[in-house]
Amino acid sequence: MGDIQRPGALYQQVAAEIRKAIASGEFPPGAPLPSETQLIERYKVSRPTVRNAIAALRSEGLIDVVHGKGSFVRAIPAPALTINRSISRQDGVFTLGHIWEAAEEPTVYRTETTAATGNLLELAEGEALFGADRLLTDPATHARARHRTLIPFATADGTPLADTPDASPESVYTVLTEAGHELTWTETVSARMPQPDERATLELPEATPVIVATRITHGTDGQALILEELVTSATQAQFTYRLTANSTPA
């Protein structure tokens, strides 16, 4: 373990060592961890330190603690849901690759850009936005997802979106196309631990991360028009994309 420079961080160092053993395969998924007594002997630390390290790993979702049996490396099952994130268009009609069902009516509100959303939308902080939040379910697996659309007032101005900011993404794309935009999209995927309200809304088990797809719709000359965010369980779902090569000048 080496010399301890900060006594308060000792349990974190033990947790890091156990995490490393899990990553190396020494403790494979589904396998029990050594007992508290064995971990105390292995790392030359006290019982409270071992217990705090186990609690930290449990909060990260790396291990499960079974009362009366001990701690086990969490076995992460293969995602049950594959979400096709492609967009297609035929005869002026947009279609998304994955079909969701609405679990409830969308919530519509007015908000402003934050530093983060303003950067994505290429707007200053504090710019007016329409927001629409949807709770979605997958018909086959019943997995839940939260979808959020943020539409700048400047994008909605002079279009039906000013009156119906809760339109479906496909309808929003159609409105923007009819307004004269040639649309393109960029998407970023990340993972994080859920906020308390997300965990409750998505009915997530303890210590379950979420996967987040952030999609920007760009118009003519590449300007950012709207922001969408899809959040769902990272252990239950995975995203898939259809890739095409851009043509280049001869």
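As the structure is a prediction and not an experimental result, all values here were calculated from the model.

**Student:** What's the story with the packing of helix α1 (residues 10–24) against helix α3 (residues 47–59) in this structure? I'm lost.
**Tutor:** Relative orientation and spacing of two packed helices are given, respectively, by the angle between their axes and the distance between those axes. Put simply, α1 and α3 touch, their axes get as near as 8 Å, and they point 60° apart. Relative to α3, α1 is oriented oblique. In this structure, α1 meets α3 at a crossing whose hand is right-handed. Along the contact surface, α1 presents L10, Y11, V14, A15, I18 and R19, while α3 presents T49, N52, A53, I54, A56 and L57. Split into classes, the residues belonging to the contact of α1 with α3 amount to nine nonpolar, two polar and one charged.

**Student:** When you look at unusual backbone geometry in this model, what are you seeing that I'm missing?
**Tutor:** Most peptide bonds take the trans configuration, and most residues that are not glycine carry a negative phi. Here D91, not a glycine, exhibits a phi torsion of approximately 55°, which is positive. Given a relative accessible area of 75%, D91 falls into the exposed group. The phi torsion at D221 lies on the positive side, around 65°, for a residue other than glycine. With respect to the secondary-structure elements, D221 resides in the loop between β11 (210–218) and β12 (224–233). Residue class for D221 comes out exposed when judged on its relative accessible area of 81%.

Rules used throughout
Residues numbered from 1 in each chain as written. Predicted model: local features only at pLDDT ≥ 70, side-chain atom pairs only at ≥ 80, totals over all residues. Heavy atoms only, no water. Axes fitted to C-alpha atoms, helices over the stretch in contact; angles between N-to-C directions. Helix = DSSP H or I, 4+ residues; strand = E, 2+ residues; numbered from the N terminus. Parallel < 35°, antiparallel > 145°, perpendicular 65-115°, else oblique. Left-handed = near helix turned anticlockwise from the far one by under 90°. Contact = heavy atoms within 4.5 Å. Nonpolar A, V, L, I, M, F, W, Y, C, P; charged D, E, K, R; others polar. Buried < 20%, exposed > 50% of the residue type's maximum accessible area, 1.4 Å probe, protein only.

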